[in-house]
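# Architecture at a glance
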Amino acid sequence: MVSGARSIYALMKLLPVQRKVVLITREPRQITVDFRLLKEAIRRKHPGHRIVVIKHRKLSASYIPKAFREMYHLATCSGCLVDGYIIPVSILNHRKGLRIGQIWHALGAIKKFGHLASGTREGPHPRVAATMRMHQNYTFVCASGQVPASVYTAAFGIPGHRVQPLGMPRVDYLLDSQTVASRRERILDRYPQLRENAQNGGRTVLYIPTFRRGKHIPYTQVAAAFAEYDDAANTLVMLPHPIDKSPLPDGGRTIIGTDVGVLDWLAVADVVITDYSAVTYEATLRNIPLVFWPYDIADYTEDRGLAVDYVAEVPGPIVESATEAVETALSIGPPDYRQFRSKHLNFVTEEDGSLPREPPACADRIIDALELEN
């Protein structure tokens, strides 16, 4: 199958190259913030280029006809950006000079992925990864700090010089005070109880756990602990993964916030409870206190593995129960993330980890790295 695809693609590469940028995403529901900002940067910097956005599907019989469309656009585009592992990007032999950038879909990584997770229960099988040339053919990979850069080098299996300090478009999104204020107002209009609670001194607590393949997440435990400890001024918002089938709390004052994106929820969050999620990175850019409840860290380390020294690196208190997570979230004070950012986000912040005075224009940096002709 791979050999046949390469033969067909060799013929497609004989077609004329078009003034076109292809953005391929693994997000099935909507265009991500990163891609939206990249589209705006392309229109602003290269108005003569057409933009094609493709939602990539996993390998299956129904994917085959869609693969030909992806192959055609790759064969005829001026540049390509992806936010995950895209089969034709990795397995095909591309035209010399085609620049392909990987922006990934998170600012950093706490859990292992890609080649780092190869051979684990949740990771890819090593033979499959080799056959499908997993994460090959990237001209550059975008990173926001030195620690993520070292993780990406190993996870993508690429030379270190290909990981470049370009950041991600979402950095500008999170640091733009006007954008944040606008998103906050939209959410408060959608959920007026949050506005009322904020006026009464309450906290909005987000629970954003990492997805576990084939395992349930204890959402109901957190909701029960919140209900037992909480008073009426606080609100718990749960953000389950789109394909998570874990039982969710029914009723009460818990909000299941899947109708709003995670980055938007950070505009109203007072505290985030998580475990191994890369939302850690986004929260530190918003100076939102973090509480870490790695309730299954031994099993998770065996099933997938962690990319960093968890106890040494996570920028917040580590708790051992749902009750302790809620109690800590409702009492925690303002954080100081400068030390964390000086290692993990130092490509987009000041040298000492302070937030930049102006957003670093990451989308423009990334588009410039494609080296498109005007």
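Quick caveat, the model's predicted, so the values are computed rather than measured. (Residues numbered from 1 in each chain as written. Predicted model: local features only at pLDDT ≥ 70, side-chain atom pairs only at ≥ 80, totals over all residues. Heavy atoms only, no water.)

The next thing to look at is the sheet that holds strand E6 (residues 163–164). Pairing in this open sheet of six strands is parallel, and the strands run E2-E1-E3-E4-E5-E6 from one edge to the other. The open sheet has two edge strands with one neighbour each: strand E2 (50–55) and E6. As paired strands, strand E5 (residues 140–142) and E6 are joined by two bridges and run parallel to one another. Its bridge partner being in E6, Cys 142 is matched across the sheet by Gln 164. Sheet strands touched by helix H2 (residues 33–45): strand E1 (20–25), E2 and strand E3 (79–82). Its angle to E1, the strand with the most contacts, is close to 175°. Each of E3, strand E4 (99–102) and E5 touches helix H17 (residues 362–369); the most contacted strand, E5, lies at about 175° to it. (Pairing = 2+ DSSP bridges. Helix = DSSP H or I, 4+ residues; strand = E, 2+ residues; numbered from the N terminus. Contact = heavy atoms within 4.5 Å. Axes fitted to C-alpha atoms, helices over the stretch in contact; angles between N-to-C directions.)

The next thing to look at is the sheet that holds strand E8 (residues 235–238). The pairing of strands in a sheet comes from backbone hydrogen bonds and takes either a parallel or an antiparallel form. Here we have five strands laid out as an open sheet, ordered E9-E8-E7-E10-E11, and parallel in their pairing. In this open sheet, the two edge strands, each paired with only one partner strand, are strand E9 (255–256) and strand E11 (290–292). Examined bridge by bridge, strand E10 (residues 271–274) and E11 share three bridges and lie parallel to one another. Residue pairing for E11: Ile 273 is matched across the bridge by Val 291.

Along the chain, Arg 338 falls in helix H16 (residues 338–344). The exposure class assigned to Arg 338 is partly exposed, which follows from its relative accessible area of 39%. With 130 residues separating them along the chain, Arg 338 and Ile 208 place their C-alpha atoms 23 Å apart. Setting aside chain neighbours within four positions, we find Arg 338 in contact with Asp 352, Gly 353 and Ser 354. (Buried < 20%, exposed > 50% of the residue type's maximum accessible area, 1.4 Å probe, protein only.)

Before going further, it helps to examine helix H10 (residues 219–229). Considered for burial, the residues of H10 that qualify are Tyr 219, Val 222, Ala 223, Ala 225 and Phe 226. Projected down its long axis, H10 shows its buried positions confined to an angular sector of 165°, all on one face. Pointing more than 90 degrees away from the buried face of H10 are the exposed residues Ala 227 and Glu 228. Those residues of H10 that are buried are in contact with strand E7 (204–208), E8 and helix H15 (322–329). (Arc of directions from axis to C-beta.)

Across the two faces of E4 the burial is the same, with Arg 99 and Gly 101 and Ile 100 and Gln 102 all buried. Where the polypeptide runs from E4 across helix H5 (residues 126–131) and back to E5, its parallel neighbour, the crossover connection is right-handed. (Right-handed = clockwise from strand over helix to strand, strands pointing away.)

What follows covers the nonpolar core. The biggest cluster of nonpolar side chains holds 103 residues, and the ones touching the most others in it are Ile 24, Val 89, Leu 206, Trp 265 and Val 272. When near neighbours in sequence (up to four residues on either side) are disregarded, Val 89 contacts Ile 24, Leu 74, Cys 80, Val 82, His 94, Ile 100, Gln 136, Asn 137 and Tyr 138. Formed by 21 residues, the second largest nonpolar core is a distinct cluster that contains Ala 225, Val 271, Trp 293 and Val 326. (Core = buried A, V, L, I, M, F, W, Y, C linked by side-chain atoms within 4.5 Å.)

Side chains Val 271 and Ile 273 of E10 all project onto a buried face; the interleaved residues Val 272 and Thr 274 project onto the opposite face, where all are buried too. Handedness of the crossover is the feature at issue here: the chain leaves E10, passes through helix H12 (residues 279–285), returns alongside E11, and the resulting connection is right-handed.

This part is about the packing of aromatic side chains. Tallied over the full model, the rule gives 13 aromatic pairs. An angle of 50° between the planes, with centres 5.6 Å apart, marks the rings of Tyr 152 and Phe 156 as tilted. With Tyr 152 and Phe 156 both in helix H6 (residues 146–156) and four residues apart, the pair spans about one turn of that helix. Side by side, Tyr 152 and Phe 156 carry an identical accessibility label, which is buried. On the basis of an interplanar angle of 20° and a centroid distance of 4.3 Å, the ring pair of Tyr 276 and Tyr 300 is categorised as stacked. (Phe/Tyr/Trp six-rings, centres within 6.5 Å; stacked < 30°, edge-to-face > 60°.)

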